[in-house]
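Single-letter residue listing:
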Amino acid sequence: MRMTGKRMMIGATLAALMMGQAGSGVANAPPKDDPLTRPIAPGYADRWTKPLTPIRLYGNSYLVGFTELNVGLIRTSAGLILIDAGVPQGVAALEANIRRLGFDIRQVKYILSTEPHYDHGGGFAAMVRDSGATVIAGKDGATSLRLGRALPDDPQAAHLDTFPAVPKVRAVADGETITLGDVVVTARATPGHTSGSTSWTWKSCEQGKCIDMVFASSLNPASADGYRFTDPAHAGIVASYRRSFATMSALPCDLLITAHPDQSGGDVKFQQLSAGVKPNPFLDSGACRAYAAKFSALLDARLAKEGAQ
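Fair warning: this is a prediction, and the values are worked out from it, not measured in the lab.

Draft legend 1. Spatial organisation of unusual backbone geometry. Each neighbour pair has its own omega, and for Lys-278 with Pro-279 the value is -5 degrees, a cis peptide bond. By secondary structure assignment, the location of Pro-279 is in the loop between helix H7 (266-274) and helix H8 (287-308). For Asp-84, which is not glycine, the phi dihedral falls at a positive 70 degrees. Here Asp-84 lies in the loop between strand S4 (79-83) and helix H2 (91-100). For Gln-207, which is not glycine, the phi dihedral falls at a positive 50 degrees. Since its relative accessible area comes to 82%, Gln-207 is described here as exposed.

Here is the structure:
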């Protein structure tokens, strides 16, 4: 059968495409490696990427993270504030959760850091690239994020993975405020778990009732193997924990979110809220005091155990 010029052109084009695909493998090639979302601690960190349906907690405040790792989102009249960003390999899911709520990633203007560990700050570099947001952290937290690793005085430094560095981080002092549109967030220094650990407080309103929100950094006295809190060289770390327990206990606190939800029963509360339990299970004016008391007792137990050895 004689082919027309048009048919010959189409046939030649298809043949060329097929030859190119077979010869180069481009069509079936895996996505280009992204150094900012390259998995950290694969296998171990899988626990921090288990998907979670995003949910509105109260007023303008949401959770957009994972089952074992909280990421907070605050909607303001001038854009969004994100609190933490999880591990690098979870960024795509995090961004999908933000979109699922009807927001655009470019609406994120600030990203607040609770602590400069890879499970909370590893995704910052990718989120900054994708959103154009500014990362804000406590002074030592900002230094650590710029380096992409824990500082030497971190009790867990010996066994922590590095993470993508964030070249530009705005450092804030204890009590300093960050304003975006109609929302004011206050930095609350809560060191111990890391020297740069920072908790964040703001007000959220719903149906005419405004409450005090707290997104708390970890207060867990965790450490690498062989680390001793009773070592005289670490007395400053223990003192930092004590001050942070007192700070957390004294905060105006109607609704507590902890960086790791299971540290404050947030995992159970989330399931209850998702199931429509009323009143809102997260509303608890004693939650911050209970959170501080829990980890104060754990530190006491750790010190007693070390002292007995």
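Draft legend 2. Quick look at the state of the cysteines. Summed over the entire model, instances satisfying the criterion amount to two disulfides. Each sulfur of the disulfide joining Cys-253 and Cys-288 lies 2.1 Å from the other. Taking the torsion about the S-S bond as the criterion, the Cys-253 to Cys-288 disulfide, at about 75 degrees, is right-handed. With a gap of 35 residues between them, Cys-253 in the loop between helix H6 (235-250) and strand S12 (255-258) and Cys-288 in helix H8 connect regions that are remote in the sequence. For the pair Cys-253 and Cys-288, a shared accessibility class is recorded, and that class is buried. Here the chain pairs its bonded cysteines, counted in sequence order, in the arrangement 1-2, 3-4.

Draft legend 3. Summary view of the packing of aromatic side chains. All told, the structure shown has seven aromatic pairs when counted by the stated rule. Centre to centre, the rings of Tyr-227 and Phe-229 are 5.1 Å apart; their planes meet at 75 degrees, and the pair counts as edge-to-face. Tyr-227 sits in the buried class, given a relative accessible area of 14%. Summarising the aromatic geometry, the rings of Phe-229 and Tyr-241 are spaced 6.0 Å apart at their centres and angled 75 degrees between planes, so their arrangement reads as edge-to-face. Of this pair, Phe-229 sits in the loop between strand S11 (209-216) and H6 while Tyr-241 is found in helix H6, placing the two residues twelve residues apart along the sequence. Judged by relative accessible area, Phe-229 falls into the buried class, the value being 2%. On the basis of relative accessible area, Tyr-241 is assigned to the buried category, the value being 0%. Three or more aromatic residues joined by ring pairs make a cluster, and in this case those are Tyr-227, Phe-229, Tyr-241 and Phe-245.

Basis of the calculations
- Residues numbered from 1 in each chain as written.
- Predicted model: local features only at pLDDT ≥ 70, side-chain atom pairs only at ≥ 80, totals over all residues.
- Heavy atoms only, no water.
- Helix = DSSP H or I, 4+ residues; strand = E, 2+ residues; numbered from the N terminus.
- Buried < 20%, exposed > 50% of the residue type's maximum accessible area, 1.4 Å probe, protein only.
- Disulfide = S-S within 2.5 Å.
- Phe/Tyr/Trp six-rings, centres within 6.5 Å; stacked < 30°, edge-to-face > 60°.

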